[in-house]
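Residue strings, one per chain:
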Amino acid sequence: MTAEIIVVTSGKGGVGKTTTSASLATGLAMAGKKTAVIDFDVGLRNLDLIMGCERRVVYDFVNVVHGEATLKQSLIKDKRYDNLYVLAASQTRDKDALTMEGVEKVLDGLSAEGFEYVVCDSPAGIEKGAHLAMYFADHAVVVVNPEVSSVRDSDRILGLLASKTRRAEKGETPVTQHLLLTRYNPARVAIGEMLSVKDVEEILGIEVVGVIPESENVLTASNNGIPVIVDANSQAGQAYGDTVARILGEERPLRFIDVPRKGFLQRVFGG
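Sequence positions are assigned chain by chain, starting from 1 and proceeding in written order. Reporting of local features is limited, given that this is a predicted model, to residues whose pLDDT is at least 70; pairs of side-chain atoms are given and counted only at 80 or more, and all residues count toward the totals for whole chains, interfaces and linings. In computing side-chain properties, one takes all heavy atoms of the structure into account and sets aside hydrogens as well as water.

**Quick word on the overall build of the chain**
Inference 1: Helix and strand definitions here come from DSSP, where helices need a minimum of 4 consecutive H or I residues and strands a minimum of 2 consecutive E residues; each element is numbered from the N-terminal end. A count of helical and extended segments in the chain gives 13 helices and eight strands.
Inference 2: Taken over C-alpha atoms, the radius of gyration is set against a globule rule of 2.2 Å times the number of residues to the power 0.38. Relative to the compact-globule value of 18 Å for 271 residues, the chain shows a C-alpha radius of gyration of 19 Å, a close match.
Inference 3: Dimensions along the principal axes, computed over C-alpha positions, put the chain at roughly 70 × 40 × 35 Å.
Inference 4: Here the term buried applies to any residue with accessible area under 20% of the maximum for its type, exposed to any over 50%, and partly exposed to those in between, with areas from a 1.4 Å probe on protein chains only. Considering the chain as a whole, with its 271 residues, one finds that 53% of them fall into the buried category.
Inference 5: Within the chain, contacts between residues separated by at least 24 positions form 75% of all contacts whose residues are at least 6 apart in sequence.
Inference 6: Put simply, the chain shows about 12,600 Å² of open surface, and 49% of that area lies on carbon and sulfur atoms.
Inference 7: In this tally, Lys and Arg are treated as positive and Asp and Glu as negative; His is ignored, and so are the chain termini. One atom stands in for each charge, and that atom is NZ of Lys, CZ of Arg, CG of Asp or CD of Glu. Side chains of the chain give 30 positive and 36 negative charges; the mean places of these two sets differ by 3 Å. Note on contacts: a residue pair is in contact if any heavy atoms of the two residues lie within 4.5 Å. Methods summary: accessible areas were calculated by the Shrake-Rupley approach with a probe of 1.4 Å, and residue burial reflects only the protein chains presented.

Structure, rendered in structure tokens:
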């Protein structure tokens, strides 16, 4: 069995890629899938913080790529879910530490270990790490904030996904592209300060797989080393749950995309 490779990518930084990678991987594990999540952002390393396993990193992705450690030594088992594993990035190497052959070896090794899904947390933009993260992908989740600069930068990523992947080079079925809108604020959309879901879909020409509302819960969860999808009471957690279900083929309506309607008492008394 070959693992399904999902790359989480974006044109610009700071849009919520690592938060998304952590929640998607956790959601897949919650759905019973054996899942690994890999941090491709060599030199920075944030994924292990959001997954809450930063103190347990001994060997990292680069160590495996260079044959300095085995996959078994380097994979960190999640404390919450037995079928979820993290492969951290190196903080001490530079961006050139990853190689195409090394990445392929790691992904093949994960398939051989029975992993069903591998989520690749890509660095932003189009540098080497980002190219390697997307090269072997079967699916791409393109993370976009509903603002013009983020959407425009994502257009370049879609071009690369269509032309610079192994599937494109071999003439196989293209990488399945999913659009994920983060930090969505319906009130700001309503007054024209943010692009709507429909606007972004029309500009980029791909469908939205999820809309994550702007929420303080995301930051709180990240600071506590807990992927926000675990917080089932938060709207952001529920929206990530819906996103994972859609990636797995379930149909679910989009939530949290309209301004909440005021109740009768609010309309009468204001507020």
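Let us keep going from here.
**Looking at unusual backbone geometry**
Inference 1: The phi torsion at Arg-183 lies on the positive side, around 55°, for a residue other than glycine.
Inference 2: Mapped onto the secondary structure, Arg-183 falls in strand β7 (residues 176-184).
Inference 3: Owing to a relative accessible area of 39%, Arg-183 belongs among the partly exposed residues under this scheme.

**Overview of the UniProt feature "binding site: ATP" (unreviewed entry) in the chain**
Inference 1: UniProt positions are given in the numbering used here, feature names are shortened, and annotations may be inferred rather than shown by experiment. UniProt records the feature "binding site: ATP" (unreviewed entry) for Lys-12, Gly-13, Gly-14, Val-15, Gly-16, Lys-17, Thr-18 and Thr-19 in the present numbering. Considering only the annotated residues already named, the ones lining the largest pocket are Gly-13, Gly-14, Val-15, Gly-16, Lys-17, Thr-18 and Thr-19.
Inference 2: Here Lys-17 shows up in helix α1 (residues 17-30).
Inference 3: Here Lys-17 is in contact with Val-8, Thr-9, Ser-10, Lys-12, Asp-121, Ser-122, Pro-123, Ala-124 and Val-143, once residues within four sequence places are set aside.
Inference 4: Distance and chemistry together define a polar contact, namely a pair of N or O atoms within 3.5 Å, with one atom able to donate a hydrogen and the other to accept it when in protein, and with adjacent residues in sequence counting only for side-chain atoms on both sides. Polar side-chain contacts of Lys-17 include one of 3.1 Å to the side chain of Ser-10. The pocket and cavity definitions rest on a 1 Å grid over protein atoms only: a 1.4 Å probe that fits but cannot leave marks a cavity, an open set with protein on both sides within 12 Å along at least five of seven lines marks a pocket, and residues lining either have an atom within 4 Å of a point.

**Details of the UniProt feature "domain: CobQ/CobB/MinD/ParA nucleotide binding" (unreviewed entry) in the chain**
Inference 1: Here the UniProt feature "domain: CobQ/CobB/MinD/ParA nucleotide binding" (unreviewed entry) sits at residues 6-228.
Inference 2: Span residues 6-228 is 40% helix and 18% strand, its end C-alpha atoms 19 Å apart.

**Things to note about empty space enclosed by the protein**
Any empty space left between atoms is shown by rolling a water-sized probe over those atoms.
Inference 1: Grid points are joined across faces, edges and corners, and a volume is the space filled by probe spheres set on the points. In total, this model carries one cavity of 30 Å³ or more according to the counting rule given.
Inference 2: Reported here for the largest cavity is a volume of approximately 40 Å³.
Inference 3: Gly-210, Val-211, Ala-239, Asp-242, Thr-243, Arg-246, Leu-254, Arg-255 and Phe-256 are the residues that line the largest cavity.
Inference 4: At the level of secondary structure, the elements contributing two or more residues to the lining of the largest cavity comprise β8 (208-213) and α12 (235-247).

**Considerations on helix α6 (residues 128-135)**
Inference 1: Along α6, six of the eight residues are buried, which leaves the element largely enclosed by surrounding structure.
Inference 2: For α6, every residue scored as buried is listed here: Gly-129, Ala-130, Leu-132, Ala-133, Met-134 and Tyr-135.
Inference 3: Contacts from the buried residues of α6 go to β1 (4-9), α5 (100-112), β5 (117-121), α7 (148-163) and α8 (166-170).
Inference 4: Between the side-chain oxygen at the start of α6 and the backbone nitrogen of Gly-129 there is a gap of 3.0 Å, and the oxygen is on Glu-127.

**Some words on the nonpolar core**
Inference 1: We call a set of buried Ala, Val, Leu, Ile, Met, Phe, Trp, Tyr and Cys residues a nonpolar core when their side-chain atoms join them within 4.5 Å. Counting residues in hydrophobic clusters, the biggest one holds 50 residues, and the most contacted among them are Ile-38, Phe-40, Phe-61, Val-106, Leu-110 and Leu-161.
Inference 2: Leaving out residues up to four positions away in the same chain, Phe-61 has contacts with Ile-38, Asp-39, Phe-40, Leu-87, Ala-88, Leu-98, Val-103 and Val-106.

**Details of the packing of aromatic side chains**
Inference 1: The pairing test for Phe, Tyr and Trp rings, Trp by its six-membered ring, is centres within 6.5 Å, and the orientation test on the planes gives stacked under 30 degrees, edge-to-face over 60, and tilted for anything in between. The full count for this structure, using the stated rule, is three aromatic pairs.
Inference 2: With 5.5 Å between their ring centres and 85° between their planes, Tyr-85 and Phe-115 make a pair best called edge-to-face. Placement of the pair is Tyr-85 in strand β4 (residues 84-87) and Phe-115 in the loop between α5 and β5, with a sequence separation of 30 residues.
Inference 3: For Phe-115, a relative accessible area of 2% gives the class buried.
Inference 4: A positively charged side chain is recorded as over a ring if its NZ (Lys) or CZ (Arg) lies within 6 Å of the ring centre. The angle to the ring normal must also be within 35 degrees. Lying over the aromatic face of Phe-115, Lys-34 brings its terminal NZ or CZ to 4.6 Å of the ring centre.

**Concerning the pairing of β4**
Inference 1: Here β4 shows a buried face lined by Leu-84 and Val-86 and a second buried face lined by Tyr-85 and Leu-87.
Inference 2: A pair of strands is treated as paired once DSSP finds two or more bridges between them. Pairing between strand β2 (residues 35-39) and β4: four bridges, direction parallel. In the strand pairing of β4, Thr-35 is matched with Leu-84.
Inference 3: Inspection of the sheet shows strand β3 (residues 76-77) paired to β4 by two bridges, in the antiparallel sense. Residue Ile-76 lies in a different strand from β4, and its bridge partner there is Val-86.
Inference 4: What sits between β3 and β4 in their antiparallel hairpin is a turn of six residues.

**Quick look at the environment of Cys-53**
Inference 1: Relative to the helices and strands, Cys-53 resides in the loop between α2 (47-50) and α3 (61-65).
Inference 2: Residue Cys-53 is classed as buried on the basis of its relative accessible area of 3%.
Inference 3: Residues Cys-53 and Ile-126, 73 residues apart in the sequence, show an inter-C-alpha distance of 28 Å.
Inference 4: In this structure Cys-53 touches Asp-48, Ile-76 and Val-86, once residues within four positions along its chain are discounted.

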